[in-house]
Amino acid sequence: METSESRKQLRRRLRRARRHLDPVERRRRSARLVSHLARHPWFVYSDRIALYLPNDGEVDLRPLAERAWAMHKSCYLPVIGGPGMRAMRFAPWGPETPMAPNTYGIPEPVVPHQHLVPAWGLDLLLLPLVGFDRAGNRLGMGGGFYDRSLAYRTRRRVWNPPRLMGTAYAFQEVEALKAESWDIPVAAVATDAGIVTAGAGAPPQ
């Protein structure tokens, strides 16, 4: 059974491997992942898509955002702070949106609070992963922001948007991750090797 300490060690090891990617190799792998994602029906048929800005060696989805804008889709970025916000919300994001760094130094859109939307107002949510397995279990940075923002999914059985897809380099896949009671799994993971459907046990398509 995976222990809390082993989870921390795994997070540290995968983050280190991610950060140590050569910048040219990181761009190449990110471009491959974006190419797979851009053809996936979840992206093609979604109108409101939440992405993220890369940090700590994460996959760069900014080229995907450019494709989305060209297709007249609405893009959003996570916002982790704000008056009365106990869960992360998502701000509309376009090429001209003013930005400011959050507590972690990651740029966030500067928009009026009333323009922020909850996760269930999105069609597709792309989550950066530190690690993942084929069952859809995921290892994040440890802050719990996405889990708190998606906790409503544990109480709903019929209407449960958005679709959840993780993003990671293929080498971030592990054999198995222990799921905690508060963890919200993803239905698929986009990697530079292809799209992994959670629970299918099949090779990337």
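Residues numbered from 1 in each chain as written. Predicted model: local features only at pLDDT ≥ 70, side-chain atom pairs only at ≥ 80, totals over all residues. Heavy atoms only, no water.

### Structural notes on helix α2 (residues 23-39)
Here comes step 1: For α2, which comprises 17 residues, the first-to-last C-alpha distance of 25 Å matches the rise-based estimate of 24 Å (1.5 Å per residue) to within 8%.
Here comes step 2: One side-chain oxygen of the residue at the start of α2 lies 3.0 Å from the amide nitrogen of Val-24, identifying that residue as Asp-22. (Helix = DSSP H or I, 4+ residues; strand = E, 2+ residues; numbered from the N terminus. Expected span 1.5 Å × (residues − 1). Polar contact = N/O pair within 3.5 Å; in protein donor to acceptor, adjacent residues only side chain to side chain.)

### Some points on the side chain of Asp-192
Here comes step 1: Mapped onto the elements of the fold, Asp-192 is located in the loop between β10 (188-191) and β11 (194-197).
Here comes step 2: In this structure the side chain of Asp-192 is engaged in a polar contact, spanning 3.0 Å, whose partner is the side chain of Arg-29.

### Overview of helix α4 (residues 62-70)
Here comes step 1: Looking only at α4, the buried set comprises Leu-64, Ala-65 and Ala-68. For α4, the angular spread of the buried residues around the axis is 100 degrees, confining them to a single face. What points out from α4, more than 90 degrees from its buried face, is the exposed set Glu-66 and Ala-70.
Here comes step 2: Packing partners of the buried residues in α4 comprise α2, α3 (41-44), β2 (74-79), β3 (89-93) and β6 (124-128).
Here comes step 3: His-72, located one to two residues past α4, shows a positive phi value of around 65 degrees. (Buried < 20%, exposed > 50% of the residue type's maximum accessible area, 1.4 Å probe, protein only. Arc of directions from axis to C-beta. Contact = heavy atoms within 4.5 Å.)

### A short note on the packing of aromatic side chains
The geometry of an aromatic ring pair comes down to the distance between the two centres and the angle between the two planes.
Here comes step 1: For the structure shown, the criterion picks out 4 aromatic pairs.
Here comes step 2: Aromatic pair Trp-69 and Trp-93: ring centres 4.9 Å apart, planes at 70 degrees, arrangement edge-to-face. Taken together, the residues Trp-69 in helix α4 and Trp-93 in strand β3 connect sequence positions 24 residues apart.
Here comes step 3: Aromatic pair Trp-120 and Tyr-152: ring centres 5.1 Å apart, planes at 85 degrees, arrangement edge-to-face. (Phe/Tyr/Trp six-rings, centres within 6.5 Å; stacked < 30°, edge-to-face > 60°.)

### Notes on the pairing of β10
Here comes step 1: Here β10 shows a buried face lined by Ala-188 and Ala-190 and a second buried face lined by Val-189 and Thr-191.
Here comes step 2: Note that strand β9 (residues 163-167) and β10 share 3 bridges and pair parallel. Considered in β10, the bridge of Thr-167 is made with Ala-190.
Here comes step 3: Examined bridge by bridge, β10 and β11 share 4 bridges and lie antiparallel to one another. Residue pairing across strands places Thr-191 opposite Gly-194, the latter belonging to β11.
Here comes step 4: Between the end of β10 and the start of β11, which pair antiparallel, lie 2 residues. (Pairing = 2+ DSSP bridges.)

### Quick notes on the sheet that holds β9
Here comes step 1: Here 7 strands make up an open sheet; going across it, the order is β3-β2-β1-β6-β9-β10-β11 and the pairing mixed. At either end of the open sheet lies a strand with only one pairing partner, and these are β3 and β11. Here the average twist between neighbouring strands, direction ignored, is 30 degrees.
Here comes step 2: Bridge count for strand β1 (residues 48-50) against β2 is 3 bridges, and the pairing is parallel. Following the sheet pairing, Arg-48 is matched in β2 by Ser-74.
Here comes step 3: Relative to β10, α2 is tilted by about 135 degrees, and along the sheet it contacts β6, β9, β10 and β11. (Axes fitted to C-alpha atoms, helices over the stretch in contact; angles between N-to-C directions.)

### Focus on the pattern of salt bridges
Here comes step 1: Under the definition given, this model contains 10 salt bridges.
Here comes step 2: Of the charged contacts in the structure, one is a salt bridge between Arg-7 and Asp-183, with a shortest N-O distance of 3.6 Å. Taken as a pair, Arg-7 in helix α1 (residues 4-19) and Asp-183 in the loop between β9 and β10 lie far apart in primary sequence, 176 residues in all.
Here comes step 3: Taking relative accessible area as the criterion, Arg-7 reaches 12% and is therefore assigned buried.
Here comes step 4: Asp-56 is the salt-bridge partner of Arg-19, the closest N and O atoms lying 3.2 Å from each other. Here the residue Arg-19 occupies a position in helix α1, and Asp-56 occupies one in the loop between β1 and α4, the gap between them amounting to 37 residues.
Here comes step 5: On the basis of relative accessibility, which here comes to 40%, the residue Arg-19 falls in the partly exposed class.
Here comes step 6: In this structure, a network of salt bridges that share partners links the residues Arg-15, Arg-18, Arg-19 and Asp-56. (Salt bridge = Lys/Arg side-chain N within 4 Å of Asp/Glu carboxyl O.)

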